[in-house]
Each structure stands twice: as C-alpha cells, then as structure tokens.
Amino acid sequence: MTFIPSPDSAPIGPRRRVRAARLDDRFNLLGAAAAGIALSTLIFGWFTPLSGGVGWTLVAFVSFIGFYALLVSNTSDFQEVKDRVMSVLLASAGIVLFGALVFVVAFTLVRGQEALPHLNFFTESMEKAGPLDGLEMGGILHAILGTLMQIGMALVITVPLGILTALFLNEVGGRFARFVRTISDAMTALPSIVAGLFVYSAIIVLITHQRSGFAASMAITVMMLPIVIRASDIVLRLVAGNLREAAYALGSTRWRTIWHVVLPTARPGLATAVILGTARGIGETSPVLLTSGVTAVVNTNPFEGPMISLPLQVFDFVKSPEPNMIARGFGAAAVLILLVLALFAIARLIGGRAPGDLTARQQRRVGAASLRDLQRITLQHLNAPNVITQTATDPHQKESSS
Amino acid sequence: MPRSTLLPARTAPAGAPDSAPDTEAFPFEKERRRALVSRPSVSDSVFRSVAFTAGGITVAIMLAVGVFLSIRASDALGVAGFSFLTEQVWSPESRTFGIASVLFGTVTIALIAMCVAVPLALGTALLISEVAQGRLRSTLVTLVDLMAAVPSVVFGLWGVFFLQANVIPVASWISTYFGWIPFFRVSDASGAALSDASAFTSSAFTAGVVVGLMVVPTTTSVMREAFSQAPIGEREAAFALGSTRWGMIRAVVLPFGRGGIIGGTMLGLGRALGETIAVYMIISPIFTINWQVLKTGSNSVSALIALRYGESSEFGLSALMAAGLVLFLMTLVINFTASSIVARSRSGAESN
C-alpha cells in the first residue's frame, strides 16, 4: 500500500536561494581586484621600466584573474575554480562590450551639447551660415526635413511591399515563396554602398539624370525592405495556427482570414517590424552619399535638386576642420541618435509581446465587446421569440403543404 | 471475464446484421479520395496574385542589383581583364586599375574586426543566455538590439574624434612589445622602427576596432539564439551529473551552438566587409598592400567607391561598379554560407 502524504502536513522549510552570491564570493572578487590593481601598480611603478595605461590594465586584469582563481581554490576543487574564472571572463566581455557601446552613444550626445541648446539649430538651414559663423547662425532644418521626406517616401514603398511579401512567404507558400525568402535573406547582406551604386546606375543615370531626394529614398528602400520582410515574417509565423484553423472552419476565405484574423493579431509585431526598419533606414549614410547630393538649403521637392539627410549632413559637417562645423556635426549626430532611440522606445512600447497577447486595457475592451454582443443576442431572443420559432417550424409546414 | 462477454456478442446469432456495419465501417476505401479542390473566391485569387507580385518585385529588385552592376561593370572588366584582381594601383583614366590593394585592405579590416568582435560576442551571448537572469537579461537583449540600430556615421564620429587619438598608446605598446611578429611591426621604408604618433592613427587596426564594435550586435544575437535552443533536458542532465555551470556550457551549450557560432561569425564578417562610412572616415587611403596593420594607411572596396564616385569619368564609374560587383559577390557568398549554416544548426540534428 502506498502512503501519500498530504501536502498540508509536510513541513515547508525556508526557500533556498540557489543563485544568490555568498558573502565569501564577494570578498574573493573584491580581494582579487585589489590585489590585481596593487600588483600592477607595483610592477609598473617600481620594479620594471614598463609604462603605459594599456599595459597596466592588461597586467591588472590578468593578475586579477590569477588571484581570483587562487582565492577560490582555497575552498573549492578545480572544476569550481574553472567555473568561477569563466563566469568572471564572460561578465568582463559583457562589461567591455556594453561599456564601449554606451560610451559611443554617450560620447556623441555629450559632444552634441555644444550645438543643441541653440534653438536656431532646429529652425534654420545652413543657407546663410558660412563655415566661420558661430553656432547662433544656421542649423539643420534642411537635413531634418530631408530625412523625414526620404524616410517617408521609403516607407510608402516598404510597408505595403514588405508586409505583402511577408504574407506571401507565410500564407501562400510554395516553391517560389521559398526562393523569395532566400533572396530576401541575401538582400539583408547587401553592402550599403552597393545599394547606392545600384540606384545611381539604375535611376539617376537612366531616368532622373540628377541626384535627388527620390533617388536617395529608393536607395534607403533597398536597404530597409529585407529588414521589414524578415521581421514581419517572424511575427506572422508566431500567429497561432489554431486561430487560422478556427477561421477556416467557420468557412471564411483565405483573404478574410488574413484580413480579420492574422493581420489584427500580428498588428503590434508588424508595427515593431516597420519601426525597426525605419530606425535602420534613417541611419543609412553611404547609399545616400551616392544618390542625394549635398546642399545647404531647404529643398522640399524630392524630384529635383539635391536633398540632404541627417547622416549625410553629419558626414559633411565633420569633414570641415572648423571647430564650429564639427560641433554642428556632433549636434546633428545627437539629433539622429535621439531619433533612433525614440523610434526604438516606441517599438518596445508597441511590441515586446507575442501576437494575440493583449494588454490589460485591450483585454478589458475585448471583454466589454463580447459582453455587448451577449446582451445584444439575448435582447434579440427576448424581443422576437416568434421569429425563431417561425424558422424552426418552417420545414414542417413545407412538408405538410407538399 | 470481460473478454468472454465481448466475444459471444460478436459471434451471436444476431451477427448477420452485425457483420454488415463491419464492412461498411470504412466506406471510403472503395471510393476514390475526395478531391479537396475548390474554386477560389475572387478576393482570394486577387490576394494571391497581389502577394505573388509583391514577392516577385522583391526578387526583381535583388536581381536588378546584380544585373545593373554587371552591365555597368562590363566596360571596365573588358579593359582590365584578369589584372583587375592583381593590380594594386587605381587610376582608370590611364587604364591601369585593379582591386588587389583595396581587397587586401577590406579583408584585413574585416579580420581585425572579427578578432575584436568574436570574443566579445561569444562572451556576451553566453552571458545573456546562461548567466543573466530575468530583468537583467531582457535589458541586455534590448541593448544589443538597440546597438544594431546605431547609425554607422555615429561609430565613425567616435572613431575619428575619440579612438584615433587614444589608439596611439595602445598601438605603440603593441608594436614595441610584439614588434617581432611581422604584422605588428611599424617601420618606415628603410625598415627602421617608427615611434611617431602620426604613424598609428589612421590604420587598419583603428578601423578594424570600430567595425568590430559595429558587428558585435549582429553576431551576438545570432549566437544567443543558437545557445538558447540547446535542449533543456541535456542541460539538466549535465547539472544532475554534478557538472558546474561552465562544465554544462562546455558539454552542452557550446557543442549544440557550434553552428550558431560559425554562422554568427560569418554573418559578422559579411557585415564587416561591406561597412563603408566608418572605414572611410577613419582610414587614410593608400593604394599599396600594407602588411603592417598598426601603421597608418589602408583602404577598402567600399571606401574606395565612396572616395572616388564623385570625381569619376564614365569609365571610372564603370571601374567602381566592377569593384562594387566584386564586393557584392563576396558578401553574398559569405552570407549565404552563414545563413545556411545557421539554418542547419536549428534542426537540432547535432544534439543526437
């Protein structure tokens, strides 16, 4: 006979914290760090003629690892020492990487502070400002407008084409769809300068005969399209299959299923895909360099004359040796980064949830809608019960009459 | 006991009417399979053709890139012939041009970038997938994604205005203590060692470090995805056998993610080969093969195009197109290989 202990009678001990660092672990880390720094300073300052910050850092890090291994080995076996040392190495790779990347962004934002407080930086173009003028003259209005127009035109093409292609990959399928997926994967590898060369030879040489905002937006389109396709493809694949099957089982056509079930379910994800593509497209410099041309005036006609964008303006500003121009370049770069960060924040706000996963507010709204439906249906039944009985008895009446 | 009650029921005298449903239990076997083809509705066929067209346009754009580049490049390739790959000098006006030196520079910069990127990406990917937990993990994933969206011109700015000045002590330190390795030697034409600061600033090394930081996000996210697909059962088995976390990573995660590591590295290499603006801003262009990676002076195919497109004659432009075509084909081959390796590693075949 098996005895099953009741869950209530079993004593429950305090929850073990399996991941928490013990006190001596922390002391090991601190001690090793102190010892590493001390040894490195000692070697570089007193014992040997070595010098230089790089060497110091290198020696400090290596000796830190050595001391840490030594300290851990006091209480643990070889396997655990290896584990601890590797954990420290992985963490330092992460710290170096994120430190460097955050530093790149922060460096631009800090250096951009010189130009950003001047309000005219956002409301004027460089039309009347010369290279020697101070920061209270001229601005990047033309570049902001150019970026917005170019990315707008690129979006007009990319959004429908990208999402339709992703729908084709997922909903239609077949051999050609697999081919399209391979090709769009290959397109993500397209070097940006090659996209610029392509648009230059296909559109500028053959059709427009001049650099223009339109040509630049076409180059951006070529770069953005595969990103949008891939991201939407992944989102559409995540839409639960039984939702589609339910729609088909109710007798809906394929198109109705996509329009009323698949697309609404995947809407936040698709929006995220588009925003991510936009963030990538906004920052493209080299294709724009070949296709749009540099200008200092506001140009709102995309088909005629050069139209500059923010990344190209940054590139153009910092080629100048004048400190004011370089300050403007950093200011424009800071605006560009803030734009990308804002887009990214919006993408995270909309996305970050699986398709069909609703927020609390959406859940309330859907609940309210189905409650209304229920009330409407009950009301119909209450108001017109004879209509229902009429239809129910209808076939019998026909039978008797025939 | 239940058997004996069932059996008489089948062989009972009432079996004659019983056997009829037995044969009719599968009435479809005699008939042909129903064809499940129906006439598509108008909206469906419209949708199908529109979606098909969209896919077709996407393919057409990609093919057009290759076709246009090939057509435009044919002039220059016809003149240069095979020497296009061996000639170092770039002067299309005098009909002597080739991409040997710029191709060498491209590959050097990309390899240095991979030396920076791969250890960082591998460490970070393992950190995110194995060590970090909960909120920290999702924050790190977001950061990596965000960094992939930072415009390359921003990295270029950082490279020019911060790294170029601060790379001098690093590069001179390496060249002083590791100068006996041929790559790291920095010498002038007569072979004497250089210690002048300007000899170190605009080198392939500087450009490689910046490009390396730019490709880390791509590589990291590919590797992380591969690592996160390591089977949970095998992880738990490793822990149950008494392995430490690193032991588990060695025994389960790394072998399972090998395809992801290789694929991520190659994808990063493809990106690094094609990077334009950051390289253009940092290097000082030369047209000879420079083995000393720490020494100022290098070039890359994309930087060459960005540098020369403005002042080129029609024939010069054709030569640039030819260079672009070579770059295009090179990245295409690398990325196709990479994505097929990544796709194959997803099947889970290696776990058996």
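These numbers come from a predicted model, not from an experiment.

Asker: Can you help me understand the interface of chain A and chain B in this one?
Answerer: How big an interface is tends to be stated in terms of the accessible area lost upon association of its parts. Each side of the interface is counted separately: chain A has 85 residues, and chain B has 80 residues. Of the roughly 7400 Å² buried where chain A meets chain B, counting both sides, 81% is carbon and sulfur surface. Along the contact surface separating chain A from chain B lie zero salt bridges. Joining chain A to chain B, the criterion identifies ten residue pairs in polar contact (both at pLDDT 80 or more). Along the lines of polarity and charge, the residues of the side of chain A that touches chain B split into 59 nonpolar, 17 polar and nine charged.

Asker: Explanation requested: the UniProt feature "transmembrane region" (unreviewed entry) in chain B in the structure shown.
Answerer: Residue and element names in this part refer to chain B. When the UniProt feature table is mapped onto this chain numbering, "transmembrane region" (unreviewed entry) sits at residues 49-71, 99-128, 140-161, 167-185, 197-216, 248-270, 277-294 and 314-336. Counting secondary structure, residues 167-185 comes out at 58% helix and 0% strand; the distance between its end C-alpha atoms is 16 Å. Helix makes up 100% of residues 314-336 and strand 0%. Its end C-alpha atoms lie 32 Å apart.

Asker: Sorry, what's going on with the packing of helix H13 (residues 323-350) of chain A against helix H5 (residues 134-148) of chain B here?
Answerer: When two helices pack together, you describe them by how their axes are tilted relative to each other and by the distance separating the axes. Viewed as axis vectors pointing N to C, H13 of chain A and H5 of chain B meet at an angle of 135°, and their least axial separation amounts to 11 Å. By the angle class used here, H13 of chain A and H5 of chain B are oblique. Every pair of crossing elements has a handedness; the one defined by H13 of chain A and H5 of chain B is right-handed. Of H5 of chain B, the residues touching H13 of chain A (which contributes Leu-341, Phe-344 and Arg-348 of chain A) are Thr-142, Asp-145 and Leu-146 of chain B. Taken together, the residues that form the contact of H13 of chain A with H5 of chain B break down as three nonpolar, one polar and two charged.

Asker: Help me understand the pattern of salt bridges in this model?
Answerer: Pairing between side chains of opposite charge can happen when their charged atoms approach one another. Residues and elements named next belong to chain A. Tallied over the full model, the rule gives eight salt bridges over all chains. The closest approach of N and O atoms between Glu-171 and Arg-244, which form a salt bridge, is 2.9 Å. Within this pair, whereas Glu-171 is found in helix H5 (residues 141-172), its partner Arg-244 is found in helix H9 (residues 241-249), the two being separated by 73 residues in sequence. Note on Arg-244: relative accessible area 15%, which makes it buried.

The rules behind the values
Residues numbered from 1 in each chain as written. Chains lettered and ligands numbered in written order. Predicted model: local features only at pLDDT ≥ 70, side-chain atom pairs only at ≥ 80, totals over all residues. Heavy atoms only, no water. Contact = heavy atoms within 4.5 Å. Buried area = accessible area lost by both parts, 1.4 Å probe. Salt bridge = Lys/Arg side-chain N within 4 Å of Asp/Glu carboxyl O. Polar contact = N/O pair within 3.5 Å; in protein donor to acceptor, adjacent residues only side chain to side chain. Nonpolar A, V, L, I, M, F, W, Y, C, P; charged D, E, K, R; others polar. UniProt positions renumbered as here; feature names shortened; annotations may be inferred. Helix = DSSP H or I, 4+ residues; strand = E, 2+ residues; numbered from the N terminus. Axes fitted to C-alpha atoms, helices over the stretch in contact; angles between N-to-C directions. Parallel < 35°, antiparallel > 145°, perpendicular 65-115°, else oblique. Left-handed = near helix turned anticlockwise from the far one by under 90°. Buried < 20%, exposed > 50% of the residue type's maximum accessible area, 1.4 Å probe, protein only.

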